[in-house]
Amino acid sequence: MKIAVLAGDGIGPEIMAQALKVLRALGKDGLKLELEEAPFGGAGYDAHGDPLPDVTLKLAREAEAVMCGSVGGPKYDALPRPQRPEQGLLRIRKALGLFANLRPALLYPELVGASTLKPEVVSGLDIMIVRELTGDIYFGEPRGRRTNAAGEREGYDTMHYAESEIVRIVEVGFQTALKRNKKLCSVDKENVLETSRLWREVVTGLGKKYPQVELSHMYVDNAAMQLVRNPKQFDVMVTGNMFGDILSDAASMLTGSIGMLPSASLDATGKGLYEPIHGSAPDIAGKNIANPLATILSSAMMMRYTFNQDKWAQRIEAAVKRVLAQGYRTADIYEAGTQKLGTQEMGDAVVAAL
Ligand code: NAD
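Model, not experiment: these values are computed from the prediction. Each residue is numbered by its place in its chain's sequence as written, counting from 1. Confidence filtering applies because this is a predicted model: local features only for residues at pLDDT of at least 70, side-chain atom pairs given and counted only at 80 or more, and all residues used for totals across whole chains, interfaces and linings. Excluding hydrogens and water, the side-chain values take into account all heavy atoms of the structure.

## Topic: the pairing of strand β6 (residues 144-147)
For clarity, the threshold we go by: Here the rule is simple: two strands pair whenever DSSP picks up at least two bridges between them. To qualify as a helix, a DSSP run of H or I must reach at least 4 residues; to qualify as a strand, a run of E must reach at least 2; elements of each kind are numbered from the N terminus.
Pairing of β6 with strand β7 (residues 153-156) involves 4 bridges; the strand directions are antiparallel. Bridge pairing in β7 links G144 to Y156. If you look at the hairpin formed by β6 and β7, you'll find 5 residues sitting between the two strands, and G151 has a positive phi there, around 85°.

This is the structure:
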């Protein structure tokens, strides 16, 4: 398993070190890994004047999977847009054709108190959001700014999906549903948008191929409402780039703990980039208090989705459940009666639990 390791900025290197520690610990049980690191984001800019240096992109292309920490920080905020760390992330997604973003929102029973919603609404929550990542209004042309005939400034963007783009992401949605509870909810705005009308037609057509999956459709405004009203009605949700951007953030916060949630971004062959959903948390960088569990859980997703090695994924996930059950917490999920650990100590606890 050849893995490119892009630790990035802020807390990135601290949390990545813990994930690597866990993967290396599995090496004792026969997991064979080739890990190679490269600078990315602000670190890429510092080393090579580019958030996605050529050496980093080359390594990412050659590897079977990419593990990312997080990028960005105040030091880089004044840079021109092409040099900003976040551009490195957009470029690597595009360059590797990573069109499918999988974001689980899973609530661990021990952390039910961390959610802002009532325990009875969220306990047992386990949703997977499948978001399209390389199309839609974020990439559609034409886009720009102009002055209209009345002399007023305007901004405009284009929502756009080709049928093949819809098919490939919705296939990922159905396949994901097959591996879980066989329920797929497709989210669109078919009552208003032409793009959504095509989306719904394509999804409905594909649904005939998957009679085992219970397919439903929901307007995005209703989906936002249902996510906070009764989130447990969902198993897998599939949607476009912009709707998925918004809904996946809302869904992740139902669990109350940004430091716990992993993500995968996949290409058509299963190659993937794995990263925690949170950013580089400059406010806590270098203090050994960041939660490394989202990054550790991202490595479990990598075992499952790129390497098809469920046994290693399950071992990592079981170890994380175990440390939570043992009462170990980092500062972001700490409650009275539990034991607070630093970043490194949490990594050690997961290794011990393995
Ligand atoms: P953030 O996710 O970095 O932090 C939000 C809050 O959550 C902060 O209070 C932070 O301390 C806390 N937090 C985040 N991760 C944590 C963890 N693992 N353990 C404990 N607490 C954690 O979001 P932000 O503050 O809006 O952005 C900071 C920088 O990160 C910006 O430069 C932004 O552009 C970048 N960013 C990068 C990514 C990415 O790399 N994928 C994603 C989002 C934001």
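## Remarks on the domain arrangement of the chain
By convention, interface size is frequently given as the accessible area that disappears when the constituent parts associate. Test applied: For the domains described, the bounds stem from an automatic or database domain assignment. Residue contacts follow a heavy-atom distance rule, with two residues in contact if any of their heavy atoms lie within 4.5 Å. By buried area we mean the combined loss of accessible area, with a 1.4 Å probe, across both parts when two parts are placed together. By salt bridge we mean one thing: a side-chain nitrogen of Lys or Arg within 4 Å of a carboxyl oxygen of Asp or Glu. Note that Gly is not counted as nonpolar here; it falls among the polar residues with everything else outside the nonpolar set of Ala, Val, Leu, Ile, Met, Phe, Trp, Tyr, Cys and Pro and the charged set of Asp, Glu, Lys and Arg.
As assigned here, the chain comprises domain 1 (1-102 + 258-354) and domain 2 (116-255). With 13 residues of domain 1 at the interface, the matching set in domain 2 holds 14 residues. Summing the contributions of domain 1 and of domain 2, the shared interface buries around 1300 Å²; its carbon and sulfur component is 70%. Interface area lost by domain 1 to domain 2 is led by F99, N101 and L102, which between them contribute 46%. On inspection of domain 1 and its partner domain 2, the count reaches 0 salt bridges. Those elements giving two or more residues to the side of domain 1 that touches domain 2 turn out to be α4 (85-95), β4 (100-106) and α10 (293-305). No other element matches the 3 residues that β4 contributes to the side of domain 1 that touches domain 2. Split by residue class, the side of domain 1 that touches domain 2 holds 9 nonpolar, 2 polar and 2 charged.

## Looking at the site of the ligand
Let me state the cut-off plainly: The cutoff for a nearby residue is simple: one of its non-hydrogen atoms must lie within 4 Å of the molecule or strand. Per-residue and other accessible areas follow the Shrake-Rupley method at a 1.4 Å probe size, with only the shown protein chains counted as cover for residues.
Near the ligand there are 20 residues, and of these E86, G279, A281, D283 and N291 occur at the shortest range. Taken by itself the ligand offers 810 Å² of open surface, and the protein chains cover 67% of this. Of the residues belonging to the shell around the ligand, the class tally is 8 nonpolar, 8 polar and 4 charged.

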